[in-house]
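Fold and geometry: a report
As a plain string of letters, each chain reads:
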Amino acid sequence: MSDTLLVEDAGPVRVLTMNRPEARNALDGELVSALYRGLLDADADPDVRAVVLTGADPAFCAGVDLRQAAREGEAYFRRHREEPCVPQVARMATPVIGAVNGATFTGGLEIALGCDFLVASERAVFADTHARVGVLPAGGMTARLPGVVGQAWARRMSFTGEVVGAAQALRIGLVTEVVAHDALLDRALELAAAVSETPHETMRALKHIYQEGGAPTIEAALAVEQSVSKANRPDLGLLDERRGTVTARNRDQLRG
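All values derive from a computational prediction rather than experimental measurement.

Here we come to the overall build of the chain. Along the chain, the regular secondary structure elements total 11 helices and 10 strands. Since a compact globule built from 256 residues should have a radius of gyration of about 18 Å, the 17 Å found for the chain is in line with a globular shape. Along the three orthogonal principal directions, the C-alpha set of the chain runs to about 50 × 40 × 35 Å. Buried positions account for 50% of the 256 residues belonging to the chain. Within the chain, residue pairs in contact and separated by at least 24 positions form 74% of the contacts whose partners lie at least 6 positions apart. When the accessible surface of the chain is summed, it comes to about 11,700 Å², and 52% of that surface belongs to carbon and sulfur atoms. Placing the 27 positive and 34 negative side-chain charges of the chain at their respective mean positions leaves the two points 7 Å apart.

Turning our eyes to something else, we now look at the packing of helix 6 (residues 141-149) against helix 10 (residues 200-231). Put simply, helix 6 and helix 10 touch, their axes get as near as 7 Å, and they point 140 degrees apart. When the interaxial angle is binned, helix 6 and helix 10 end up oblique. Contacts between helix 6 and helix 10 involve Met-141, Thr-142, Ala-143 and Arg-144 on the former and, on the latter, Ile-218, Ala-221, Leu-222 and Glu-225. Looking at the contact of helix 6 with helix 10, its residues break down into 5 nonpolar, 1 polar and 2 charged.

Strand order in this open sheet of 6 strands is 1-2-3-5-7-10, and the pairing throughout is mixed. With partners counted over all chains shown, the strands left at the sheet margins are strand 1 (5-10) and strand 10 (177-179), one partner each. For this sheet the average axis-to-axis angle between neighbouring strands, irrespective of direction, equals 20 degrees.

Moving on: the nonpolar core. Residues Met-18, Leu-27, Leu-53, Ile-111, Phe-126, Met-157 and Leu-174 are the most contacted members of the largest nonpolar core, which totals 46 residues. No other element matches the 7 residues that helix 1 (residues 29-44) contributes to this core. The residues touching Leu-53, leaving out its near neighbours within four places in the chain, are Leu-16, Met-18, Leu-35, Phe-60, Val-89, Val-96, Ile-97, Gly-98, Ala-99, Ile-111 and Cys-115. Grouped together as the second largest cluster of nonpolar side chains are 14 residues, Ile-97, Val-119, Ala-188 and Val-195 included.

Cut-offs used in this document
- Along each chain, the written sequence defines residue order, and numbers are assigned to residues from 1.
- Only residues with pLDDT of 70 or above have their local features reported here, since the model is predicted, and side-chain atom pairs are shown and tallied only from 80 upward, although totals for entire chains, interfaces and linings are computed over all residues.
- Working from all heavy atoms in the structure, the side-chain values ignore hydrogens and water.
- A helix here means a DSSP run of H or I that spans at least four residues, while a strand means a run of E at least two residues long, and both kinds are numbered starting from the N terminus.
- Put simply, the radius of gyration uses C-alpha atoms, and a globule should come to 2.2 Å times the residue count raised to 0.38.
- Exposure categories follow from relative accessible area, calculated using a 1.4 Å probe and restricted to protein chains: below 20% of the type maximum is buried, above 50% is exposed, and the middle band is partly exposed.
- Only heavy atoms matter for contacts: two residues are in contact if any of them lie within 4.5 Å across the pair.
- The Shrake-Rupley method, run with a 1.4 Å probe sphere, supplies the accessible areas, and residue values consider only the shown protein chains as cover.
- Note that His is not counted, nor are the chain ends; the positive residues are Lys and Arg, and the negative ones are Asp and Glu.
- All charge positions are set by atom: Lys at NZ, Arg at CZ, Asp at CG, Glu at CD.
- Between N-to-C directions, angles span 0 to 180 degrees; the directions come from axes that are lines fitted to C-alpha atoms, helices contributing only their stretch in contact.
- If an angle is under 35 degrees, it is roughly parallel; if it is over 145, roughly antiparallel; if it lies from 65 to 115, roughly perpendicular; otherwise it is oblique.
- Throughout, the ten residues Ala, Val, Leu, Ile, Met, Phe, Trp, Tyr, Cys and Pro are labelled nonpolar, Asp, Glu, Lys and Arg are labelled charged, and all others, Gly among them, are labelled polar.
- Pairs of strands are assigned from DSSP output, requiring at least two bridges between the strands.
- To qualify as a nonpolar core, a set must consist of buried Ala, Val, Leu, Ile, Met, Phe, Trp, Tyr and Cys residues joined through side-chain atoms within 4.5 Å.

If you want it as structure tokens, here you go:
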């Protein structure tokens, strides 16, 4: 397994840590591949009863690696289609708990939304900046965010690109709990251990009910998102320039 994804077992719980801290765990090609394979491996392992997904500090995941995307162009996005790590989170038969330790932006927020539920550090912040960098969501943002926070908040986050802090995320239902930063992983492991106490096949069947029950709405929304995104390809040459502008704006919002 690549060093960009750390894999550790705590009893029946598999901990997957996205590990590109210098790039805020942005999804370069190596991490895309490693995360996709790591998720598949966890789902196929009968000894793994729950997964905790987190990032190496200071971020959870910044989403698309815009520098690499600008440099490689369509080849970068083709890799995402060939090894779809973002949608794979939501496809997991094994319960996935997101331990959100820091910045969770755009594609990183789509990863978080694919988890069954989220526990956040007090340092966690969330934003959907797809539109501000000139791209449309294609990893389930418009399909899943409204179901978690409601239509109004979903549209507010996507239309404005504003940064939502941990306390606000708790109020709008994006996360289920906010804990001290140093206690985050322990709390996520505690919840994962509770999940793993349920008989394996019973838990998988229960998750399947939730997935299939919501599938008609989710699948229809995903189809629209994919269709419109495909018809509106971004100007890849402007991605890196826009990245700088959006990064500066996010920094200003975080400073208050």
